[in-house]
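Results of the structural survey
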Amino acid sequence: MIALVEDKIAFISHPKASMHRMPFPKPHLESFESPLRFQMAERYLETSGALTEMVRVKAPRASLKDPLLVHSPYLVDTVELLSEIGSGQLGESAYASPDLLRAALLTVGGSMKGVDMVLGGDVKHAFVLMRPPGHHASTSNPMGLCYFNNVAIAAKHALQNDAVQRVSIVDFDDHHGNGTSEIFYTNPNVQYISIHEYDYENFGLGHYAEIGHGGGKGTNINIPLVETSPDISYESAINRIVIPAMKSFKPDLIMVSAGYDAHFADPVGNMDIDSRTYWRFGREIRELVKTTAAKGSVWVLEGGYNPFTIGPSIHASLEGLAGNAQPILEDQIDREVNKLIVESNDEIIEKVLETIKPFLKK
Ligand SMILES: [Zn+2]
């Protein structure tokens, strides 16, 4: 049960977020980004009582102009046209369905509504439980189960408000948010911090050497942890990098790309954390809103593909965000921690710190 004292939290959702479905059976990756994950998450939060004290809001539909805040007209047109046709491939692991455009615009609308509610002073925080996710969608390319980059569009929308000069985005999804990173790579007003699983044997995007370009140099912070990283490595990444980097940037608004696929029981991600870490993110973001004097935080669902663990994981985040003690939940099982993995991550965190230090203000 979340007992709110002073901070109100909005819970933004819409039943039509369950309609889009890509035409693939298991074990295809596309089948995991399913209506079931959304329905199971919402049902868990309803039955656990997590929503009782939250302000429940139905996501409004965004207009077709809103995704143009970050996307090319070609991307927006093709999402619309292939949704009309009802099928077709828009990018790698990004296929259309007859319900895609409606679900995607509602997710963008819900994310923008979260920003409006926080900036308008209606609530301190907002959690947007919608799908499809967004952080892989770049300026011109839908991919990785993502079409419109919900968080990026909402961050751009926030920056149109005179009260917002800077936005920080924290992305704790298992995967690197290449889309968000690309969209804001040269933007000095948006700080993007991603903690993700990285394959050091097959180098890809999301390396800590990617720090932003031009005026945006120093605002792109990647924390590429190794496969099967445990809770303690996430705790170090939060304490040693996320907190000081955000205190240095002093955002007016904090956004969270809240992906829950780093959970140890997730069928897509390969990390080894449970809802105790998701509670920690909630608590630390709550504290960061206070210490940086940001107006609040807006959380938008990204990944998280185990329908049985996504509910407790979000529940834990909301408890942390509400300032409540860490709940004891059914997914919290003590697991053996591999010291070599922790040591590797400590070295990586050290390298990230060395890389970004010249850009941190005291
Ligand atoms: Zn992911």
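One structure accompanies this document, and this report is about it. (Residues numbered from 1 in each chain as written. Predicted model: local features only at pLDDT ≥ 70, side-chain atom pairs only at ≥ 80, totals over all residues.)

Right, let's get into the sheet that holds strand S9 (residues 253-258). Taken in spatial order, the eight strands make up an open sheet running S2-S1-S5-S10-S9-S6-S7-S8, and their pairing is parallel. Of all strands in the sheet, those with a lone pairing partner are strand S2 (55-58) and strand S8 (220-226), marking the two edges. Going from strand to strand, the sheet's axes swing by 15 degrees on average, the running direction of each strand aside. Relative to strand S7 (residues 190-198), strand S6 (residues 167-171) runs parallel, the two being bridged by five bridges. The residue of S7 that forms the bridge with Val167 is Val190. (Pairing = 2+ DSSP bridges. Helix = DSSP H or I, 4+ residues; strand = E, 2+ residues; numbered from the N terminus. Axes fitted to C-alpha atoms, helices over the stretch in contact; angles between N-to-C directions.)

With 107 residues, the main nonpolar core has Ile9, Ala126, Ala154 and Met255 as its most contacted residues. The element that contributes the greatest number of residues to this core is helix H4 (residues 100-119), accounting for 11 residues. (Core = buried A, V, L, I, M, F, W, Y, C linked by C-beta atoms within 7 Å. Buried ≥ 20, exposed ≤ 12 C-beta atoms within 10 Å, placed from the backbone.)

Side chains that are three or four residues apart share a direction in an α-helix, a result of its 3.6 residues per turn. A rise of 1.5 Å per residue sets the reference length of helix H7 (residues 231-249), with its 19 residues, at 27 Å; its end C-alpha atoms lie 25 Å apart and thus fit the reference within 8%. Along H7, the largest kink reaches about 35 degrees and is centred on Ile238. Those residues of H7 lying buried are Asp231, Ser233, Tyr234, Ala237, Ile238, Ile241, Val242, Ala245, Met246 and Phe249. Residues of H7 that are buried in the fold lie against S6, S7, S8, helix H8 (275-292) and helix H10 (339-356). Downstream of H7 by a residue or two, Lys250 has a phi angle that is positive, lying close to 55 degrees. (Expected span 1.5 Å × (residues − 1). Bend = angle between axes of the 7 residues up to and from the residue. Contact = placed C-beta atoms within 7 Å.)

Attention now moves to the packing of helix H2 (residues 35-48) against helix H9 (residues 310-321). Viewed as axis vectors pointing N to C, H2 and H9 meet at an angle of 55 degrees, and their least axial separation amounts to 8 Å. Relative to H9, H2 is oriented oblique. As H2 packs across H9, the resulting crossing turns out to be right-handed. Across the interface between the two elements, Arg37, Met40, Ala41, Tyr44, Leu45 and Ser48 from H2 touch Ile310, Gly311, Pro312, Ile314 and His315 from H9. Grouping the amino acids of the contact of H2 with H9 by side-chain chemistry returns seven nonpolar, three polar and one charged. (Parallel < 35°, antiparallel > 145°, perpendicular 65-115°, else oblique. Left-handed = near helix turned anticlockwise from the far one by under 90°. Nonpolar A, V, L, I, M, F, W, Y, C, P; charged D, E, K, R; others polar.)

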